[in-house]
There are 2 protein chains.
Amino acid sequence: MSPPTPVPLDKAYLLLNHGPVTLVSSAAGGRRNVMAASWAMPLDFAPPKVAVVIDKNTLTRELVEASGEFVVNIPSRALAQTVLAAGSSSGRDVDKFAALGIETAAAAEVGAPLLSGCLGWLECRVITEPENQRRYDLFIAEVVAASADPAVFSDGRWHFADDLQRTIHYRAGGHFFATGESFEA
Amino acid sequence: MSPPTPVPLDKAYLLLNHGPVTLVSSAAGGRRNVMAASWAMPLDFAPPKVAVVIDKNTLTRELVEASGEFVVNIPSRALAQTVLAAGSSSGRDVDKFAALGIETAAAAEVGAPLLSGCLGWLECRVITEPENQRRYDLFIAEVVAASADPAVFSDGRWHFADDLQRTIHYRAGGHFFATGESFEA
């Protein structure tokens, strides 16, 4: 893995535009957590915003509400088992970083960590919308920094080569799709 | 193409969970339209809900606000040029159905049409949230009926065979990813 390289904010939506599964990392008050999230999408180009569903019953929800921050990490196929495991246990019961062997690096703008081995990172600051959060578990956030592994994303473009270093899309029941062939219409 | 087969509402989210590009169809007052939307995601399981971004300046926005309904159509790779063309012109300037040769069928529960040749259809009724619509162009809707082409989706599962009859994911600038290999973590 190459070290994260900054992605200009006006290109940040391109990391998420094709609908990959994500890992949401968070930290507050000396605690941190990671959860799997398929329900994450871009919401605006500039300033870039995202919408992410974070269930009421999760530790992530508690940490995101306390800190007002999170990171949307975009995992590779090599991390599919980690995505599944992160989505199948609660940070209230287990330290997922230790249990799953997830290494981290410091983010540029937020307290939540960047998950090593991921392919892209969107550092997000929550735009508080209490009714969306309460009624729909829906969080809207501004992307305040973005970065990517330059081996697979540069100049605003994904360029996958290795099959294990591609983004993935979650189906259900432990099944995923790999991001497939690129083509021009 | 096989005729749309009903999908049980509790399985409807599976049509959209992997993040494919969509076509949003709408109708009101004798007018109808279709737009491309990458920014669409499930928001809840049961009753199923979706979140979709619909720009203020579009005819679709006008028709969706007038009718309170739309359909999220999930196109195949065979329709990639149609997706691109639908996203590059305005229904105020051209009848996209005629110009792009899009055929339609009647939906079960809403006035907006189902687009023929698509692989899945989510019929949606807007849950009015004026502030989300105004601030973020964000529409929340309940899925009131769903259907799919049984050749590629049945028993709550996508099973693609033909490369042109797969879902697709939008990148930018006319470039897409095909939905790739399925795998179990």
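Quick caveat, the model's predicted, so the values are computed rather than measured.

What counts as what
Residues numbered from 1 in each chain as written. Chains lettered and ligands numbered in written order. Predicted model: local features only at pLDDT ≥ 70, side-chain atom pairs only at ≥ 80, totals over all residues. Helix = DSSP H or I, 4+ residues; strand = E, 2+ residues; numbered from the N terminus. Contact = placed C-beta atoms within 7 Å. Least-squares fit on C-alpha atoms with pLDDT ≥ 70 in both. Buried ≥ 20, exposed ≤ 12 C-beta atoms within 10 Å, placed from the backbone. Pairing = 2+ DSSP bridges. Axes fitted to C-alpha atoms, helices over the stretch in contact; angles between N-to-C directions. Core = buried A, V, L, I, M, F, W, Y, C linked by C-beta atoms within 7 Å. Nonpolar A, V, L, I, M, F, W, Y, C, P; charged D, E, K, R; others polar. Arc of directions from axis to C-beta. pLDDT = per-residue confidence, 0-100.

1. Remarks on the overall build of chain A
- A count of helices and strands for chain A gives 4 helices and 14 strands.
- A separation of at least 24 residues holds for 67% of the contacts in chain A among residues at least 6 apart in sequence.

2. Some details on the relation of the copies chain B and chain A
- With an axial shift of 0.0 Å and an RMSD of 0.0 Å, the rotation relating chain B to chain A amounts to 180°. In the structure described here, the two chain copies are related by an operation that fits a two-fold rotation axis.
- An overlap of 97% is found between the interface residues of chain B and their copies at the interface of chain A, pointing to a shared contact surface.

3. Section: the pairing of strand β13 (residues 168-172) of chain B
All names here are of chain B.
- The buried count for β13 comes to 4 of 5 residues, which makes it a mostly enclosed element.
- Note: β13 against strand β14 (residues 175-184), 4 bridges, orientation antiparallel. Opposite Y170, over in β14, you have F176 as the bridge partner.

4. Let's talk about the sheet that holds β13 of chain B
- Sheet architecture is open: 4 strands sit in the order β13(A)-β14(A)-β14(B)-β13(B), paired in antiparallel fashion. Strands with a single pairing partner mark the edges of an open sheet, and in this sheet they are β13 (168-172) of chain A together with β13 of chain B. This sheet shows a mean twist of 35° between the axes of neighbouring strands, independent of strand direction.

5. Considerations on the nonpolar core
- V50, V52 and L122 of chain A together with V50, V52 and L122 of chain B are the most contacted members of the largest nonpolar core, which totals 122 residues.
- Those residues in contact with V52 of chain B, other than ones at most four positions away along the chain, are V24, A37, W39, A40, V72 and F139 of chain B.

6. Focus: the pairing of β14 of chain B
- Pairing of strand β14 (residues 175-184) of chain A with β14 of chain B, which is carried by 7 bridges, proceeds in the antiparallel orientation. When the sheet's bridge partners are listed, H175 of chain A is paired in β14 of chain B with E184 of chain B.
- Linking two consecutive strands that pair antiparallel, namely β13 of chain B and β14 of chain B, is a turn of 2 residues; a positive phi of about 55° is found at G173 of chain B within it.

7. Some details on the interface of chain B and chain A
- Taken together, the contact pairs 37 residues of chain B with 36 residues of chain A.
- The set of elements that each furnish at least two residues to the side of chain B that touches chain A consists of β4 (40-45), β5 (48-53), α2 (80-86), α4 (130-136), β10 (138-148), β13 and β14 of chain B.
- At 10 residues, the largest contribution of residues to the side of chain B that touches chain A is made by β14 of chain B.
- Taken together, the residues of the side of chain B that touches chain A sort by class into 22 nonpolar, 12 polar and 3 charged.

8. Focus on helix α1 (residues 59-67) of chain B
Residues and elements named next belong to chain B.
- Of the positions making up α1, those classed as buried are T60, L63 and V64. All buried residues of α1 lie within an arc of 100° about the axis, which places them on one face of the element.
- Where α1 is buried, its residues meet β2 (22-28), β3 (31-37), β6 (69-74), β9 (120-126) and β10.

9. Looking at unusual backbone geometry
- A46 of chain A connects to P47 of chain A through a cis peptide bond whose omega is -5°.
- Turning to its location among the elements, P47 of chain A is positioned in the loop between β4 (40-45) and β5 (48-53).
- A positive phi angle, near 50°, is found at D155 of chain A, a position not held by glycine.
- Not every positive phi belongs to a glycine, and D137 of chain B is a case in point at roughly 55°.
- Following the sequence through the fold, D137 of chain B ends up in the loop between α4 and β10.
- Classification of D137 of chain B by C-beta neighbours within 10 Å gives partly exposed; the count is 18.

10. With respect to the environment of R157 of chain B
- Structurally, the position occupied by R157 of chain B is in strand β12 (residues 157-158).
- For R157 of chain B, a count of 14 C-beta atoms within 10 Å translates into the label partly exposed.

11. Some words on the environment of G29 of chain B
Residues and elements named next belong to chain B.
- Turning to its location among the elements, G29 is positioned in the loop between β2 and β3.
- Given 9 C-beta atoms within 10 Å, G29 falls into the exposed group.
- Along the backbone, G29 and R166 are 137 residues apart, and their C-alpha atoms lie at a distance of 34 Å.

12. Quick word on the environment of R32 of chain B
Residue and element names in this part refer to chain B.
- By secondary structure assignment, the location of R32 is in strand β3.
- On the basis of neighbour counts, which here come to 21 C-beta atoms within 10 Å, the residue R32 falls in the buried class.
- Residues in contact with R32, not counting those within four places in the same chain, are S26, A27, F97 and P113.

13. Notes on the confidence of the model for chain A
- Model confidence for chain A is summarised by a mean pLDDT of 97, while 99% of its residues fall at 70 or above.
- For this predicted complex, the interface confidence score (ipTM) comes to 0.96, while the overall pTM stands at 0.97.

14. What about helix α1 (residues 59-67) of chain A?
- Elements in contact with the buried residues of α1 of chain A: β2 (22-28), β3 (31-37), β6 (69-74), β9 (120-126) and β10 (138-148) of chain A.
- Looking one or two residues beyond α1 of chain A, the residue adopting positive phi is G68 of chain A, at roughly 70°.

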